[in-house]
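Listed below, chain by chain, are the residues.
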Amino acid sequence: MFRKLLYAFTLLLTTISIAQIKGKVTDEKGNPLPFVNIFEENTYNGTTTNEQGKFELNIRISGNHTIIFQYLGYKTAKQVVTIDKTPVDIEVVLAEENIILNEVVINPKDNPANEIIRKAIQNKKENSAKTAKYKADFYSRGIFRIKDAPKTILGQKFDFFDEVLDSTRSGILYLSETVSRITFQKPDKMKEVIVASKVSGNDNGFSFNNAASVNFDFYENYLPFEINVVSPIADNAFNYYKYQFEGSFFTENRQQINKIKVIPRRNTEPVMDGYIYIVDDSYAVYAVDLSIKGNQMQTPALDQLNLKQSFSYNTNSKIWVKNTQTIDFVAGMLSIKLNGRFTYVYSNFEFEPEITKRTFTSQVLAFEENANKKEDAFWNTIRPVPLTEEETTDYLKKDVLQTKKKSQTYLDSIDNKRNKFRPMDILNGYSYRNSFKKWSIDYDGPLLSTSFNTVQGWRINAGLSYTKRNEEKRTFTRIGSRFDYGFSEEKIRATASFAHKFNNLNNSFLSVNAGSAVSQFNPGNPISNIVNTVSTLFFKNNFMKLYEKNFASAFFGREVVNGFYMNANIEYSERKPLYNTTDYTIIKNTDAYTSNNPLSPFDETSAAIEKHNLVKANVLMRFNFGQKYWSRPDGKFNIPNDDYPTLSLGYEKGLAASDKNYEYDLLMGRVTYEVTLGNKGFMQMNLKAGKFFNADNISFVDYKHFNGNQTHIGQTDSYTNVFNLLPYYAASTNDSYFETHIEHNDKGYFMNKLPLLKHLQSQLVLGFHNLSVPDRKPYQEFSIGLDNLGFGKFKFLRVDYVRSYQNGYQGDGVVFGLKFLNVLE
């Protein structure tokens, strides 16, 4: 107990003994003002107040310093502060701003706000160019809170955060800070070095806060949230916004600031509501205070997000610079209520720094050594925004809790609670954990994996695995086995597996598998167990076609250099034909099940393959052009570059077969590309091609099979890897092939403008698919659909109308997208 008190006293002492200028900012009634923009006149040294109105501004040079206090809705204050050897504590009171209307010449034929916005749009290129290149210090702090957390959700205990919640079941879930040095060049080149990173309750944690992900520039046409949000001064802003002149006021250096109310024309579109402040004459952005609802960004769990930015002016450089930014949000789902705030401070700008070709590399973010090991004394000298009492308490509380959580006694007590076995675990599954030694044994029960097919009948599947983790290096080793039993077939099969992730730098991964399994002819598993079960039992459509594989295989993959990934796989397998063993169905009808032979669906006595053995080896290379990455001590985190496609090349060899005719060679390639089209959505492309050699008599197992869909049920977010109406094995080939999948999702661009339909908050999806194989007319599909359908905050549904053509009109149908089924698989 004494050590805890000593620690708290030391933290408090260091907090009050380092800041050069500190104090509190209030209004005339004594109410604290949060996030006041504070900076030293004609410098780029600034900070902001915290939620309690308190601030700290570090100034290393003694003498007189003029400090500016700038806050929206209040008169800017200027105070001269004398710095000597001791910290200066000041109290600042801000008076409300007098907004006047006669400072702008009002044209009776035009809304004065429109003219100001037009001038801002005309001048934004010039204003943006002033901050086209710079270096700066960057500080960020993020906090997530939960309020009135439920005790149960859908009948299940919700106790994950009980240790950090108070008596009202409210508390801080996440608190973190970063300090970094950034180099930036418009439009999107950035290099960031994290000097310090701190996560409450995790002395080995790394904050995910970074400058690149919050680079919201209103001079650009779009703000990159979940979808592109239209800036109030975008080139086409008048198509999305109306404006109202609220008045103007003057800064301390007599610059006139115009306050413009931003009003969305349509609340269903990705647009913001609030105020933008424009400097007269230069028409630069002075500040923004804007909000957007979650459904406008098509993020249903988010209720509302508020973005504020404040800019400061330097009379020497004559540049308005963003020096503070805050993001507040409120979110919730299933009775869980969350809110949070991110605070960002930019300071010590250097404009027109020396930038060479080597300045910006693929590594866009790196951590200095021991960045997450900084002592409190360091943070108290470098933190530009003081902690609130709530935040200080959270750090202290979770530091103590972390020490407790690391102890074997505590971890054993938690494990004893979690490891308690219940009779229903035989069906549901069970886990036994040793958290102190970082290992676990997991049993996957058969209840959720029970399915039905006409070869095995009712099928149950269970698994047992042992996992050892290294949480600091983010690696693991796992060994396991799975058991599969078909009641109609009266046969049990088993597989064993070993997997090891060597590191998180190049993601070296090894796996070895062996055993006996029932597999679909198409290794892409085009029909899921749950969809096949329903399709078979209720509609007597047994589309899943199976064979038995007794095998041993090994896989190894790793990133060779940044953006170039390579893997190799080798497998020996014995393939055996399988036949239907049951005609059971729930909904009785006179239709007969098709056979398990995809080549002859009405012949129950023949099989698509004969028993044979084969060794199959393949090598795959994947090139992610222009890939960027973050470097952290615990690994490398890749960031795809949307400007370039991803190219995959592969070679597969069938050899050492029991019959020479089964041996073959296959060359294959694939190009995938996803491009964002401003605020008009995004387009995805998936192009595949391949050519077999010496493959005239190979097994049907080794043919190229294409992902069809005869169930009319979709389970994926996009359909760029499937033909929506193509029978599963109708176009399988052992020759050459080329397939094209293109899909455009408007992200609401068109749908949000249509009367009545706009209230669905849906997304229009247009699709095109083409398949070309020898001796067969090209097959095409055209589709139109609506995505992001659902109820309230649950948007897991999609509906598409599809027409297919092959030497003329082939057929049509409706595909129902049930994306929530992915959770059940």
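Please read all numbers here as calculations on a predicted model, not as lab measurements.

Peer 1: How should the pairing of strand E19 (residues 302–314) be read in this particular structure?
Peer 2: Looking along a regular strand, one sees the side chains alternate between the two faces of the sheet. Counting buried positions along E19 gives ten out of 13 residues, so the element sits mostly inside the fold. Pairing between strand E18 (residues 285–293) and E19: seven bridges, direction antiparallel. Each residue of the ladder has a partner; that of Ala-287, found in E19, is Ser-310. The pairing of E19 with strand E20 (residues 319–333) spans twelve bridges and is classified as antiparallel. Along E20, the bridge assignment pairs Ser-312 with Val-321.

Peer 1: Help me understand unusual backbone geometry in this model?
Peer 2: The bulk of non-glycine residues show a negative phi, and the bulk of peptide bonds are trans. Note that the residue after Lys-186, namely Pro-187, is joined by a cis bond; omega there is 10°. Of note, Pro-187 is situated in the loop between strand E11 (171–185) and strand E12 (189–199). The residue Tyr-283 is not glycine, and still its phi comes out positive at about 60°. Note that Tyr-283 resides in the loop between strand E17 (273–279) and E18. Classification of Tyr-283 by relative accessible area gives buried; the value is 14%. For Lys-438, which is not glycine, the phi torsion reads 60° and is therefore positive. The topology assignment puts Lys-438 in the loop between strand E23 (430–434) and strand E24 (439–444). You can call Lys-438 partly exposed: its relative accessible area is 30%.

Peer 1: Whenever I open this one, the sheet that holds strand E3 (residues 46–48) confuses me. Can you help?
Peer 2: Consider a sheet: its strands pair through backbone hydrogen bonds, and that pairing is either parallel or antiparallel. Across the sheet, which stays open at both edges, the four strands sit in the order E3-E2-E5-E6 with antiparallel pairing between neighbours. Where the open sheet ends on each side, the last strands, each with one partner, are E3 and strand E6 (77–83). Strand-to-strand, the axes of this sheet are offset by a mean angle of 25°, without reference to chain direction. Inspection of the sheet shows strand E2 (residues 37–40) paired to E3 by three bridges, in the antiparallel sense. Directly across from Asn-37, in E3, lies its bridge partner Thr-48.

Quick notes on the rules
- Numbering of residues starts from 1 in every chain and runs along the sequence as written.
- Local features in this predicted model are restricted to residues of pLDDT 70 or higher, and side-chain atom pairs are both shown and tallied only at a pLDDT of 80 or more, whereas totals for entire chains, interfaces and linings draw on every residue.
- The basis for every side-chain value is the complete set of heavy atoms in the structure, and neither hydrogens nor water enter the calculation.
- Here the term buried applies to any residue with accessible area under 20% of the maximum for its type, exposed to any over 50%, and partly exposed to those in between, with areas from a 1.4 Å probe on protein chains only.
- Helix numbers and strand numbers start at the N terminus; a helix is a DSSP run of H or I with at least 4 residues, a strand a run of E with at least 2.
- Two strands are said to pair when DSSP picks up at least two bridges between them.
- Every axis corresponds to a line fitted to the C-alpha atoms, with the helix fit spanning only the stretch in contact, and the corresponding angles, defined between N-to-C directions, vary from 0 to 180 degrees.

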